[in-house]
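Chain residues, written in single-letter form:
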Amino acid sequence: ATYVTKVFGGNLKSIALVGLGPNPKKEGPATDLEVKSANRLGEAIVKLSKDTKSASVGVVLPQGTANSGLTQVFLGMTDGAYADTRYKKVPPGGFPAHPLTDITMLGVSSVVEKDVAVTYSLTKMIGSGVDFARDLVGAPSNSKTPVVIADLARKMAREHNIECMVLGQKECEELGMGAYLGVQQGSKFPPQFVHLSYKPE
(Lines give C-alpha, C1' and ligand atoms only; values in the text may rest on other atoms or scores of the structure.)
Protein backbone atom coordinates (compact mmCIF):
# COMPACT_ATOMS: atom_id res chain seq x y z
CA ALA A 1 0.00 0.00 0.00
CA THR A 2 2.86 2.40 0.83
CA TYR A 3 4.52 1.69 -2.53
CA VAL A 4 1.29 2.33 -4.45
CA THR A 5 0.58 5.51 -2.48
CA LYS A 6 4.06 6.85 -3.28
CA VAL A 7 3.64 6.14 -7.00
CA PHE A 8 0.22 7.77 -7.21
CA GLY A 9 0.97 10.58 -4.78
CA GLY A 10 -1.81 9.61 -2.42
CA ASN A 11 -4.58 10.28 -4.96
CA LEU A 12 -6.17 6.90 -4.43
CA LYS A 13 -9.86 6.15 -4.50
CA SER A 14 -9.45 2.62 -3.16
CA ILE A 15 -6.93 -0.18 -2.67
CA ALA A 16 -7.78 -3.82 -3.35
CA LEU A 17 -5.81 -6.90 -2.36
CA VAL A 18 -6.32 -9.79 -4.79
CA GLY A 19 -5.32 -13.28 -3.64
CA LEU A 20 -3.66 -15.38 -6.31
CA GLY A 21 -3.66 -18.65 -4.40
CA PRO A 22 -0.65 -20.73 -3.39
CA ASN A 23 2.45 -21.01 -5.50
CA PRO A 24 1.62 -23.94 -7.83
CA LYS A 25 5.32 -24.84 -8.15
CA LYS A 26 5.53 -25.41 -4.38
CA GLU A 27 9.33 -25.35 -4.38
CA GLY A 28 11.46 -22.25 -4.72
CA PRO A 29 10.34 -18.80 -5.90
CA ALA A 30 7.76 -18.54 -8.67
CA THR A 31 9.26 -17.46 -12.00
CA ASP A 32 5.93 -16.26 -13.40
CA LEU A 33 2.24 -16.04 -12.60
CA GLU A 34 0.34 -19.30 -12.85
CA VAL A 35 -2.12 -19.19 -15.78
CA LYS A 36 -5.38 -19.49 -13.82
CA SER A 37 -4.18 -17.06 -11.15
CA ALA A 38 -3.19 -14.51 -13.81
CA ASN A 39 -6.57 -14.88 -15.53
CA ARG A 40 -8.38 -14.39 -12.22
CA LEU A 41 -6.31 -11.28 -11.54
CA GLY A 42 -7.26 -9.82 -14.94
CA GLU A 43 -10.94 -10.51 -14.32
CA ALA A 44 -10.68 -8.99 -10.83
CA ILE A 45 -9.09 -5.81 -12.22
CA VAL A 46 -12.01 -5.27 -14.59
CA LYS A 47 -14.64 -6.10 -11.96
CA LEU A 48 -13.07 -3.86 -9.32
CA SER A 49 -12.79 -1.01 -11.82
CA LYS A 50 -16.48 -1.36 -12.61
CA ASP A 51 -17.54 -1.71 -8.96
CA THR A 52 -15.57 1.39 -7.90
CA LYS A 53 -16.27 3.31 -11.14
CA SER A 54 -12.51 3.78 -11.56
CA ALA A 55 -11.17 4.89 -14.94
CA SER A 56 -7.52 4.55 -13.92
CA VAL A 57 -6.08 1.49 -12.20
CA GLY A 58 -2.56 0.68 -11.02
CA VAL A 59 -1.63 -2.96 -10.47
CA VAL A 60 1.36 -4.06 -8.41
CA LEU A 61 2.34 -7.40 -9.92
CA PRO A 62 4.17 -10.14 -8.01
CA GLN A 63 7.94 -10.17 -8.43
CA GLY A 64 9.04 -12.44 -11.24
CA THR A 65 6.00 -11.79 -13.46
CA ALA A 66 7.11 -12.38 -17.05
CA ASN A 67 5.54 -11.54 -20.42
CA SER A 68 3.61 -14.80 -20.51
CA GLY A 69 2.07 -14.06 -17.10
CA LEU A 70 1.19 -10.53 -18.20
CA THR A 71 -0.42 -11.97 -21.33
CA GLN A 72 -2.69 -14.09 -19.15
CA VAL A 73 -3.59 -11.04 -17.03
CA PHE A 74 -4.59 -9.14 -20.17
CA LEU A 75 -6.61 -12.12 -21.42
CA GLY A 76 -8.37 -12.26 -18.06
CA MET A 77 -9.22 -8.58 -18.46
CA THR A 78 -10.65 -9.25 -21.93
CA ASP A 79 -12.67 -12.09 -20.45
CA GLY A 80 -13.96 -9.92 -17.61
CA ALA A 81 -14.91 -7.07 -19.93
CA TYR A 82 -16.82 -9.28 -22.39
CA ALA A 83 -20.53 -8.49 -22.50
CA ASP A 84 -22.88 -9.87 -25.15
CA THR A 85 -25.64 -7.29 -25.42
CA ARG A 86 -26.72 -8.10 -28.99
CA TYR A 87 -30.00 -9.69 -27.96
CA LYS A 88 -30.84 -7.45 -25.00
CA LYS A 89 -33.18 -4.50 -24.99
CA VAL A 90 -31.14 -1.33 -25.28
CA PRO A 91 -31.80 0.90 -22.24
CA PRO A 92 -32.41 4.65 -22.68
CA GLY A 93 -29.05 6.23 -23.45
CA GLY A 94 -27.56 2.90 -24.52
CA PHE A 95 -25.49 0.40 -22.59
CA PRO A 96 -23.00 2.08 -20.22
CA ALA A 97 -19.38 1.99 -21.30
CA HIS A 98 -16.90 0.27 -19.00
CA PRO A 99 -15.14 2.95 -16.92
CA LEU A 100 -11.60 1.53 -17.24
CA THR A 101 -9.55 3.58 -19.72
CA ASP A 102 -6.04 3.53 -18.23
CA ILE A 103 -4.06 0.76 -16.53
CA THR A 104 -0.54 0.92 -15.14
CA MET A 105 1.44 -2.23 -14.37
CA LEU A 106 3.81 -1.62 -11.48
CA GLY A 107 6.79 -3.63 -10.29
CA VAL A 108 7.56 -5.41 -13.57
CA SER A 109 11.12 -6.03 -14.70
CA SER A 110 12.81 -3.84 -17.32
CA VAL A 111 12.54 -6.74 -19.81
CA VAL A 112 8.77 -6.96 -19.35
CA GLU A 113 8.43 -3.16 -19.42
CA LYS A 114 10.35 -2.97 -22.70
CA ASP A 115 7.99 -5.44 -24.41
CA VAL A 116 4.69 -4.51 -22.71
CA ALA A 117 3.31 -2.66 -25.77
CA VAL A 118 3.94 -5.71 -27.98
CA THR A 119 2.59 -8.06 -25.30
CA TYR A 120 -0.61 -6.01 -25.04
CA SER A 121 -0.99 -5.71 -28.82
CA LEU A 122 -0.64 -9.47 -29.38
CA THR A 123 -2.96 -10.23 -26.46
CA LYS A 124 -5.56 -7.85 -27.89
CA MET A 125 -5.52 -9.89 -31.10
CA ILE A 126 -5.96 -13.15 -29.20
CA GLY A 127 -8.75 -11.60 -27.12
CA SER A 128 -10.48 -10.37 -30.27
CA GLY A 129 -10.47 -13.92 -31.64
CA VAL A 130 -11.81 -15.32 -28.37
CA ASP A 131 -14.62 -12.72 -28.32
CA PHE A 132 -15.45 -13.55 -31.95
CA ALA A 133 -15.78 -17.24 -31.03
CA ARG A 134 -17.88 -16.39 -27.96
CA ASP A 135 -20.19 -14.27 -30.13
CA LEU A 136 -20.71 -17.25 -32.43
CA VAL A 137 -21.32 -19.68 -29.57
CA GLY A 138 -23.78 -17.29 -27.93
CA ALA A 139 -25.74 -16.56 -31.09
CA PRO A 140 -29.05 -18.38 -31.77
CA SER A 141 -28.94 -21.17 -34.36
CA ASN A 142 -31.00 -19.28 -36.93
CA SER A 143 -28.37 -16.52 -37.07
CA LYS A 144 -25.36 -18.81 -37.52
CA THR A 145 -26.36 -21.10 -40.36
CA PRO A 146 -23.61 -22.88 -42.34
CA VAL A 147 -23.93 -20.21 -45.05
CA VAL A 148 -23.48 -17.39 -42.51
CA ILE A 149 -20.47 -19.14 -40.94
CA ALA A 150 -18.90 -19.65 -44.38
CA ASP A 151 -19.40 -15.96 -45.22
CA LEU A 152 -17.80 -14.94 -41.91
CA ALA A 153 -14.84 -17.23 -42.66
CA ARG A 154 -14.39 -15.66 -46.10
CA LYS A 155 -14.52 -12.16 -44.61
CA MET A 156 -11.97 -13.10 -41.92
CA ALA A 157 -9.71 -14.65 -44.58
CA ARG A 158 -9.82 -11.50 -46.71
CA GLU A 159 -8.99 -9.26 -43.75
CA HIS A 160 -6.10 -11.35 -42.44
CA ASN A 161 -4.46 -12.83 -45.54
CA ILE A 162 -5.67 -16.37 -44.90
CA GLU A 163 -6.56 -18.89 -47.60
CA CYS A 164 -10.20 -19.93 -47.40
CA MET A 165 -11.79 -22.87 -49.19
CA VAL A 166 -15.48 -23.67 -48.71
CA LEU A 167 -16.68 -27.09 -49.89
CA GLY A 168 -20.33 -27.43 -50.88
CA GLN A 169 -22.46 -30.55 -51.37
CA LYS A 170 -20.87 -31.57 -54.68
CA GLU A 171 -17.27 -31.12 -53.51
CA CYS A 172 -17.96 -33.08 -50.30
CA GLU A 173 -19.49 -35.95 -52.28
CA GLU A 174 -16.51 -36.03 -54.67
CA LEU A 175 -14.13 -36.28 -51.70
CA GLY A 176 -16.15 -39.14 -50.17
CA MET A 177 -17.08 -37.20 -47.04
CA GLY A 178 -19.98 -39.51 -46.24
CA ALA A 179 -19.85 -39.14 -42.45
CA TYR A 180 -19.94 -35.35 -42.66
CA LEU A 181 -22.76 -35.35 -45.22
CA GLY A 182 -24.67 -37.91 -43.15
CA VAL A 183 -24.65 -35.64 -40.11
CA GLN A 184 -25.47 -32.61 -42.24
CA GLN A 185 -28.57 -34.25 -43.73
CA GLY A 186 -30.56 -33.18 -40.68
CA SER A 187 -30.12 -29.52 -41.65
CA LYS A 188 -32.32 -27.59 -44.06
CA PHE A 189 -29.26 -25.55 -45.09
CA PRO A 190 -26.67 -26.66 -47.67
CA PRO A 191 -23.36 -28.00 -46.32
CA GLN A 192 -20.49 -25.53 -46.08
CA PHE A 193 -17.26 -27.24 -45.06
CA VAL A 194 -14.81 -24.43 -44.23
CA HIS A 195 -11.05 -24.95 -44.58
CA LEU A 196 -8.82 -22.04 -43.51
CA SER A 197 -5.06 -22.12 -44.13
CA TYR A 198 -2.63 -19.62 -42.65
CA LYS A 199 0.80 -19.65 -44.33
CA PRO A 200 3.11 -17.04 -42.84
CA GLU A 201 5.99 -15.69 -44.88
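The following paragraphs examine the structure supplied in this document. (Residues numbered from 1 in each chain as written. Predicted model: local features only at pLDDT ≥ 70, side-chain atom pairs only at ≥ 80, totals over all residues. Heavy atoms only, no water.)

**Some details on the overall build of the protein chain**
Just so we agree on the cut-off: Secondary structure elements are taken from DSSP: a helix is a run of H or I of four residues or more, a strand is a run of E of two residues or more, and numbering for both begins at the N terminus. The atom set for the radius of gyration is the C-alpha atoms, and the globule formula is 2.2 Å times the number of residues raised to the power 0.38.
Helix and strand counts for the protein chain stand at seven helices and four strands. For the protein chain, the N- to C-terminal ordering of α and β elements is α-α-β-α-β-α-α-β-α-α-β. Its C-alpha radius of gyration of 22 Å places the protein chain more than 25% over the 17 Å reference for a compact globule of 201 residues. When the backbone C-alpha atoms are referred to their principal axes, the protein chain occupies close to 70 × 50 × 30 Å.

**Describing the pairing of strand 2 (residues 102-106)**
Here is the rule: Pairing between strands is defined by DSSP: at least two bridges between the two strands are required.
Two elements, strand 1 (residues 56-60) and strand 2, share five bridges in a ladder whose sense is parallel. For Val57, the partnering residue across the bridge sits in strand 2 and is Ile103.

**Looking at the nonpolar core**
Short version of the rule: Put simply, buried Ala, Val, Leu, Ile, Met, Phe, Trp, Tyr and Cys residues joined by side-chain atoms within 4.5 Å make one nonpolar core. Throughout, exposure labels follow a simple rule: accessible area from a 1.4 Å probe, protein chains only, divided by the maximum for the residue type, with under 20% read as buried, over 50% as exposed, and the rest as partly exposed. The contact rule is simple, with two residues in contact once any of their heavy atoms fall within 4.5 Å.
Grouped together as the largest cluster of nonpolar side chains are 16 residues, with contacts concentrated most on Leu33, Leu41, Ile45, Leu61, Val73, Met77 and Met105. At the level of secondary structure, the elements contributing two or more residues to this core comprise helix 2 (35-52), strand 1 and helix 3 (67-81). With residues near it in sequence (within four places) discarded, Leu61 still touches Leu33, Leu41, Leu70, Met105, Leu106 and Val108.

**Examining helix 4 (residues 110-138)**
What counts here: Expected span of a helix: the number of residues minus one, times 1.5 Å. Bend at a given residue is defined as the angle between two axes, one fitted to the seven residues that end at that position and one fitted to the seven that begin there.
Taking 1.5 Å of rise per residue, 29 residues should cover 42 Å, and helix 4 covers 40 Å from first to last C-alpha, within 8% of that figure. By the largest-angle criterion, Val116 marks the main kink of helix 4, which is about 55 degrees. Turning to helix 4, its buried residues number three or more, namely Val112, Thr119, Thr123 and Gly127. Tucked inside the fold, the buried residues of helix 4 contact helix 3.

**Brief notes about a nonpolar patch on the surface**
How we decide: Patches were defined on residues exceeding 30% relative accessible area and lacking a salt bridge, with like-charge contacts within 9 Å and nonpolar side-chain contacts (Val, Leu, Ile, Met, Phe, Trp, Tyr) within 5 Å. Calculation of accessible area relied on Shrake-Rupley with a 1.4 Å probe; when residues are assessed, cover is drawn exclusively from the protein chains displayed. The rule for a salt bridge is simple: a side-chain nitrogen of Lys or Arg has to be within 4 Å of a carboxyl oxygen of Asp or Glu.
Where nonpolar side chains cluster on the molecular surface, the patch consists of Leu12, Ile15 and Leu17 and spans about 330 Å² of accessible area. Inspection of the secondary structure puts Leu12 in the loop between helix 1 (2-8) and helix 2. Overall, Leu12 belongs to the partly exposed group, its relative accessible area being 30%.

**Observations concerning the environment of Phe74**
Secondary-structure assignment places Phe74 in helix 3. On the basis of relative accessible area, Phe74 is assigned to the buried category, the value being 5%. For the pair formed by Phe74 and Leu41, sequence separation is 33 residues and the distance between their alpha carbons is 9.1 Å. Excluding its chain neighbours within four sequence positions, the residues that come into contact with Phe74 are Met105, Val116, Thr119, Tyr120 and Thr123.

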